[in-house]
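# Secondary and tertiary structure notes
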Amino acid sequence: MILEIKGLDKSFPQTDHDKIEVLKNLNLQVEVGETVAVVGQSGSGKSTLLSLLAGLDRQSSGSLRLRDQEISAMSEVKLTQFRAENIGIIFQQFYLMPHLTALENVSLPLEMFGHKDSLQRAREALLQVGLEEREKHFPHQLSGGESQRVAIARAIVIRPAILLADEPTGNLDNATGVQVSNLLFDLVQTTGMTLLLVTHNTELALRCSRQLTLQSGTFQ
Amino acid sequence: MKNPPAFFWLKLAFRELLNNRRFSLFFIFNLALGLAGFIALDSFKESLDNHLGQNSKAILGADIALTSYLPFEDKTLDALEAKFPQNTLSTRKTTLFTMVASEDQSRLVQITGIEKEFPFYGKMVLKKNGVVESENVEQSLALSGEAWVYPELLFMLGLKLGGSVKIGEKNFTIADTVLDDPSSSFSSFGLAPRVYLAYSQMQETALLSKKSRVSYQRLYRLPDGTDLSGLVVKLQNQINSFDGSDSKIRILTHKRAGNNLGRLLGYLNDYLGLVAMIAVFLAGIGAAYLFRNYLVHRFREISILMSLGATRQQTYRMVLWQLGLLGTGAALIAIFISLVILPLLPLLLKQFLPNGFETQLSLGSLLFALVLGGVGSLVFCLPVLSRIRTVQPLQLFHKNVGQQDVTPALWRQALSYLPLLILSWSLSVWQSHSLIVGSAFVGMLLASILFLGSIAWLVLFLAGKLSQTSGSTMKRLAFRNLQRNRAGAISCFLALALGTLLINLIPQIYQGLQEEVSRPDDFRIPSLFLFDIQPEQMEPLLKTLSVEKVNLNYLSPMVRARLEKVNGKSFDFNSEEVSLTREEERQQNFRRHNLNLSYRTQLSDSEQIVEGRLLATNFDLDSGKPAEISLEVRYAERMGFKLGDLLTFNVQEVLVEAIVINLRRVQWNSFQPNFFILFQPGVLEDAPGTFVGSIGGLDASRRMNVQNRIVSDYPNVSVIDVTRMVGRVLKISDQMVLALRLMAYLSILAGLVVVFSIARHEVEGRLWELNLLKVLGARFSDIQKMIQIEFAVLGIFAGLFGVAVSLIMSYGISWWFFENLWKWTWQTSLGSIIGVTALSVGVAWLATQRTLRSSPLTLLRSS
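Residues numbered from 1 in each chain as written. Chains lettered and ligands numbered in written order. Predicted model: local features only at pLDDT ≥ 70, side-chain atom pairs only at ≥ 80, totals over all residues. Heavy atoms only, no water.

Broken down by element type, chain B carries 26 helices and 22 strands. Projecting the C-alpha coordinates of chain B onto the three principal axes gives extents of approximately 100 × 65 × 60 Å. The proportion of buried residues among the 863 residues of chain B is 56%. Across chain B, contacts joining residues at least 24 apart in sequence account for 82% of those joining residues at least 6 apart. Carbon and sulfur atoms make up 58% of the accessible area of chain B, which amounts to about 38000 Å² in all. For chain B, the separation between the mean place of its 83 positive charges and that of its 69 negative charges on side chains is 15 Å. (Helix = DSSP H or I, 4+ residues; strand = E, 2+ residues; numbered from the N terminus. Buried < 20%, exposed > 50% of the residue type's maximum accessible area, 1.4 Å probe, protein only. Contact = heavy atoms within 4.5 Å. Areas by Shrake-Rupley, 256 points an atom, 1.4 Å probe, with all protein chains shown as cover. Lys, Arg positive; Asp, Glu negative; His and termini not counted. Charge placed at Lys NZ, Arg CZ, Asp CG, Glu CD.)

Pasting the structure below:
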């Protein structure tokens, strides 16, 4: 088991007395290599769940264990390091650094931690996503699909234990979205990475081995 | 986990700046303009200090000098000269002010008697005979009884070379004019050109009486390697062991001589630096605004980095590197701009500068520029930097990161301004060499910024209200935009208002002074000022003047003395004490100089008692009580004297005790003879002294006739043409004010660049909605009008309140320093308000033209 969530709660204070409960008593277990889709309407808590899994936010209560380590017990510094080594994140809006080339964007997470072979590995990742010839291009020179593929390359270059994808095809047209999702699932299959995917796209969700519906902060 | 490679964050920082070229260039140029003036002044100051330091021996003409206001006694000299090392050379010099006359003109001059070895260092250059050698002094001055004069004296007396001039009781032939004199001083304001005579000829002028103010000097050239400080200590100890007037012999080293020469310019430099600091401030405001907007739009990239594994500290580091790079870039550009400004300063301040002075950009100034650029950019942007703390990478999942403006806690914001306050205060105090002036400057600046900032907020609030009323659409949109974009609007407002304050403040202060001293019809201001009138000359002089149909007014006795003790403790000064502040410097100077005492039965109309009672009209010698004295209130403050203090004076070797009975305020702009220390009658009447007085109500030709008559009949009496002196002082003040204005205009330019940057940025930030307006039917002229209204509102109110604050400040400064010589010039105020408004609208127009003309098609493309 790579991911275990037990009794996870997340609420946000509204005023002095009120709070909004976004996630309520969530429980989830994900095995290594599994692909899980989380679907739900807007406001159901999908993004909040992703931010907790990515270690970018802290739960109000409950347990979140990734690779047998309790994330909530980690300090900020340890959590950052843990995320950099184990979690790859793919955002809906790509979020590439506009002033860096494709190669530099992909090698960034490795360079930040002093990996001597960062450029080599980045080239390999770009090759895996089919963009080895665009390594010197800047984000504004790439199409939406190409930008998302660079973002995928950046996420997998660290060889993460788990990939978190937030609507990876949300900003793409249908055809491009299919291409990107094919690439994503091929990579996951090849590398044996675990994938947790948040999406509105039913077809994309059905490609995963498991689908979970998040409604009013709980899994249905 | 390993650390990133060396300079990883620096490289990333640089790449990001390169990608935001326009911001980077604006920031750099903005800050550079503000720094340039400050750096130019620092270089100028350092150049002057270096010049004076390197030429101090030439300025003094020796390594060290002993000065006395009485001739040196042989045994005194023997005792002192025994302290000098062997092979020390010495020469004599005497200086006094007196009148000289040609057939129909007379002038106040500084007579300097020299011997053949003078000067030991530096070279005097004469027009006819070139560099002065010993034999010139001997042959021309000593043996032939000739004189060398400054060239302007020939013009003043209507003489040529070879002409004759009467000095005291003797006539001298003008043999040559002095082209270059390393020891030339500015202190006489060019009113008393120098005349060189042989030391041996001075006696024949009959001017060296005990009552005249003569300075006797012994100059020494020391062997190489002599410990000067050690020698000074030995000499001072010897002097302290003397009694009487010998104990007041002063030691003057070449270092102090150099410092003395640069003192007036030092004061001017201080105030120029403070004005330049305002430019730094304005530039800082603009830079902080630009950086704020830059940073807010970088939150996304910072979030991405944190999501990829960067710690918050690492992102801080990257941003700090960016500020460092920007600051360094600004410093380099500022250095380049200062190279343009630097040559202008000597041109403006020619009158005040020693011969041979050249400006140089020193390594010290370069380093200072780099440090100031780096530290300055960090300190100004620190309040903005603190926002990084609240960046949350989880915002990436909420899709609107970078557009959210997260505001940190109020206390954190307030704390982030503290380094800026400390830096400003430190720079002000360092620049002005005065804790009081530096602190007052920062206090006033802070108060102005807070006040003007509050006014800006109020204006924007009212604009918001007005946007809800009826009126044209563009007008309402303009008011709405002002309210929405508070940060930009307030920054613009402050830049314009501070610039207006500055351009008004200096002329407003100066106008009052100028009008007061240059009133032609005001008979309060005398035409001539007479001094060194001997007691036995009083009656005949009054008779002479009555023949000329003029009155001698405000006749006052003057007795020279030195202060020996205060409340029983010796009033010593250490001539080599290094003063840290201007106040300490002034205090030292007061301590060093002889005092001029006077006595009077009643106060003059320019005096008013502020504390204490009137002096008793007569002194009872048998009572055993000390004499009563009155002190001028500011003199007393400076010297630390108060009511009831017992002061002991050495009046021509007679010790006189006196108690402070009152403190009085003197209206110095009355130009009447006035004294810091007044005795009651009955104490000093028998002391050797002279008289001073003034003559009023004379036009130019009568002034000259009366002056010539006095000089002819009473050659020892010195006469100052007050009208000419005032004119000269005003001319010199004009130059100083011009220099101050140059700095002020630089500050305003920095302010206008801020307005340009902000206007451009604001419009670019609103491009989407401006293009939407165009798509909905607004014409280019409508949109332009909207922008103009925004900046016209800012300009009018900034101008109005900038002028208002400048009037308040100028009134306060005039009241405090210049005894309320204040006059409002409404033309300047109105001109400033109109000018600033026009500039605000004009600069905004210039900044936004290109952006406003862009096609609304970009609106569709961006989606």
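On average, residues of chain A carry a pLDDT of 89, and 99% of them reach 70 or more. Summarising per-element confidence for chain A, the mean pLDDT is lowest in helix 2 (residues 76–86) of chain A (85) and highest in strand 3 (residues 35–39) of chain A (94). (pLDDT = per-residue confidence, 0-100.)

A few words on the sheet that holds strand 4 (residues 61–66) of chain A. Residues and elements named next belong to chain A. Pairing within the open sheet is antiparallel, and its four strands lie in the order 2-1-4-5. Since the sheet does not close on itself, it has two edges, and those belong to strand 2 (19–30) and strand 5 (69–70), each with one partner. In this sheet, strand 5 lies alongside strand 4 in antiparallel orientation, the contact comprising two bridges. Bridge pairing links L66 to Q69 in strand 5. Relative to the sheet, helix 1 (residues 46–53) contacts strand 1 (3–13), strand 2 and strand 4, its axis offset from that of strand 1 by approximately 120 degrees. (Pairing = 2+ DSSP bridges. Axes fitted to C-alpha atoms, helices over the stretch in contact; angles between N-to-C directions.)

All names here are of chain A. Relative orientation of the contacting elements helix 5 (residues 144–156) and helix 6 (residues 174–191) amounts to 15 degrees, with a least axis distance of 10 Å. Between helix 5 and helix 6, the angle is such that the two are roughly parallel. The interaxial crossing formed by helix 5 with helix 6 has right-handed handedness. Seen from helix 5, the contacting residues are G145, Q148, R149, I152 and I156; seen from helix 6, they are T176, Q179, V180, L183, L184 and L187. By residue class, the composition of the contact of helix 5 with helix 6 is six nonpolar, four polar and one charged. (Parallel < 35°, antiparallel > 145°, perpendicular 65-115°, else oblique. Left-handed = near helix turned anticlockwise from the far one by under 90°. Nonpolar A, V, L, I, M, F, W, Y, C, P; charged D, E, K, R; others polar.)

What follows covers the packing of helix 2 (residues 21–60) of chain B against helix 8 (residues 263–296) of chain B. Residues and elements named next belong to chain B. Following both chains from N to C, one finds helix 2 and helix 8 inclined at 165 degrees, their axes separated by 9 Å at the closest point. Our classification of the angle between helix 2 and helix 8 gives roughly antiparallel. Handedness of the crossing formed by helix 2 with helix 8: left-handed. Looking at the contact of helix 2 with helix 8 residue by residue, the class counts come to 20 nonpolar, seven polar and one charged.

We now examine the interface of chain B and chain A. Of the residues lining the interface, 28 residues belong to chain B; the matching set on chain A comes to 32 residues. Linking chain B to chain A there are one salt bridge. On the surface where chain B and chain A come into contact, there are four residue pairs in polar contact (both at pLDDT 80 or more). Looking at the side of chain B that touches chain A, the elements that each hand over two or more residues are helix 1 (8–19) and helix 9 (299–307) of chain B. In terms of residue class, the side of chain B that touches chain A is built from 16 nonpolar, five polar and seven charged. (Salt bridge = Lys/Arg side-chain N within 4 Å of Asp/Glu carboxyl O. Polar contact = N/O pair within 3.5 Å; in protein donor to acceptor, adjacent residues only side chain to side chain.)

The subject of this paragraph is unusual backbone geometry. Residue and element names in this part refer to chain B. Along the chain, F118 connects to P119 via a cis peptide bond; the corresponding omega equals -10 degrees. Here P119 is to be found in the loop between strand 3 (106–114) and strand 4 (125–126). Although it is not a glycine, A206 sits at a positive phi angle of roughly 60 degrees. In this fold, A206 is placed in the loop between strand 9 (194–198) and strand 10 (214–221).

Along the chain, the position of Q784 of chain B falls in helix 24 (residues 780–817). Every residue in contact with Q784 of chain B, bar those within four places of it in the chain, is listed here: W845, Q849 and L852 of chain B.

Residues and elements named next belong to chain B. Looking at chain B, the pLDDT average stands at 83 and 90% of residues meet or exceed 70. Here helix 26 (residues 857–862) stands out as the element of chain B with the lowest mean pLDDT, 52, in contrast to strand 20 (residues 677–679), whose mean of 93 is the highest. We note a pTM of 0.76 for the whole complex and an ipTM of 0.82 for its interfaces.

Turning our eyes to something else, we now look at the pairing of strand 15 (residues 595–599) of chain B. One face of the sheet, then the other: side chains in a regular strand alternate in exactly this way. Residues and elements named next belong to chain B. Strand 15 sits mainly inside the fold: four of its five residues count as buried. Here three bridges tie strand 13 (residues 553–566) to strand 15, and the two strands are oriented antiparallel to one another. The residue of strand 15 that forms the bridge with R560 is N596. Note: strand 15 against strand 20, three bridges, orientation parallel. In the strand pairing of strand 20, L597 is matched with I677.

Turning our attention to helix 1 of chain B. In this model, helix 1 of chain B (12 residues) spans 17 Å end to end at C-alpha, consistent with the 16 Å of a helix rising 1.5 Å per residue. Three or more residues of helix 1 of chain B are buried, namely F8, W9, L12, A13, E16 and L17 of chain B. Down the axis of helix 1 of chain B, the sector holding all buried residues measures 170 degrees, keeping them to one side. The elements touched by buried residues of helix 1 of chain B are helix 3 (102–111) of chain A together with helix 2, helix 8, helix 9 and helix 10 (312–341) of chain B. (Expected span 1.5 Å × (residues − 1). Arc of directions from axis to C-beta.)

Moving on: the sheet that holds strand 7 (residues 162–166) of chain A. Residues and elements named next belong to chain A. Ordered in space as 6-7-8-3-9-10, the six strands form an open sheet in which the pairing is mixed. With partners counted over all chains shown, the strands left at the sheet margins are strand 6 (87–90) and strand 10 (218–219), one partner each. In terms of strand pairing, strand 9 (residues 210–215) meets strand 10 through two bridges, oriented antiparallel. Residue pairing in the sheet places Q215 in a bridge with T218 of strand 10. In the packing of helix 6 onto the sheet, the strands contacted are strand 3, strand 6, strand 7 and strand 8 (194–198), and the crossing angle to strand 8 comes to about 155 degrees.

Residue and element names in this part refer to chain B. Spanning 40 residues, helix 2 covers 55 Å between terminal C-alpha atoms, matching the ideal 58 Å at 1.5 Å per step. Where helix 2 bends most, the angle comes to about 55 degrees, and this point is Q54. Along helix 2, 29 of the 40 residues are buried, which leaves the element largely enclosed by surrounding structure. Following helix 2 by one or two positions, G61 adopts a phi angle in the positive range, close to 85 degrees. (Bend = angle between axes of the 7 residues up to and from the residue.)

Turning to the nonpolar core, a few remarks are in order. Core analysis: the biggest nonpolar cluster contains 187 residues, and F27, W148, F291, L349, L530, I695 and I710 of chain B have the highest contact counts within it. L64, F82, I87 and I162 of chain A belong to the second-largest nonpolar core, a separate cluster that totals 53 residues. (Core = buried A, V, L, I, M, F, W, Y, C linked by side-chain atoms within 4.5 Å.)

What follows covers the state of the cysteines. Residues and elements named next belong to chain B. On inspection of all chains with the given rule, the structure shows zero disulfides over all chains. Of the cysteine sulfurs around C381, a residue in no disulfide, the closest is that of C492, at 16 Å. A relative accessible area of 0% means that C381 is categorised as buried. (Disulfide = S-S within 2.5 Å.)

All names here are of chain B. In this structure the tally under the stated criterion is 19 aromatic pairs over all chains. Taking the centre distance of 6.4 Å and the plane angle of 40 degrees together, the rings of F23 and F291 count as tilted. You can see F23 sitting in helix 2 and its partner F291 sitting in helix 8, a full 268 residues away along the chain. Neither residue differs from the other here; F23 and F291 are each classed as buried. Among the aromatic residues, those joined into a ring-pair cluster are F23, F27, F291 and Y294. (Phe/Tyr/Trp six-rings, centres within 6.5 Å; stacked < 30°, edge-to-face > 60°.)

Residue and element names in this part refer to chain B. By the secondary structure assignment, D645 is in the loop between helix 20 (633–639) and strand 18 (646–651). A polar contact of 2.8 Å, which involves the side chain of D645, links it to the backbone nitrogen of K642. Setting aside chain neighbours within four positions, we find D645 in contact with N567, G640, A658, I659 and V660.

With that out of the way, let us pick up the environment of N171 of chain A. Residues and elements named next belong to chain A. Looking at the element boundaries, N171 is found in the loop between strand 7 and helix 6. For N171, a relative accessible area of 41% gives the class partly exposed. Along the chain, N171 and V188 lie 17 residues apart, while their C-alpha atoms are 21 Å from each other. Every residue in contact with N171, bar those within four places of it in the chain, is listed here: Q92, Q93 and F94. Of note is the side chain of N171, whose polar atom sits 3.2 Å from the side chain of Q92.

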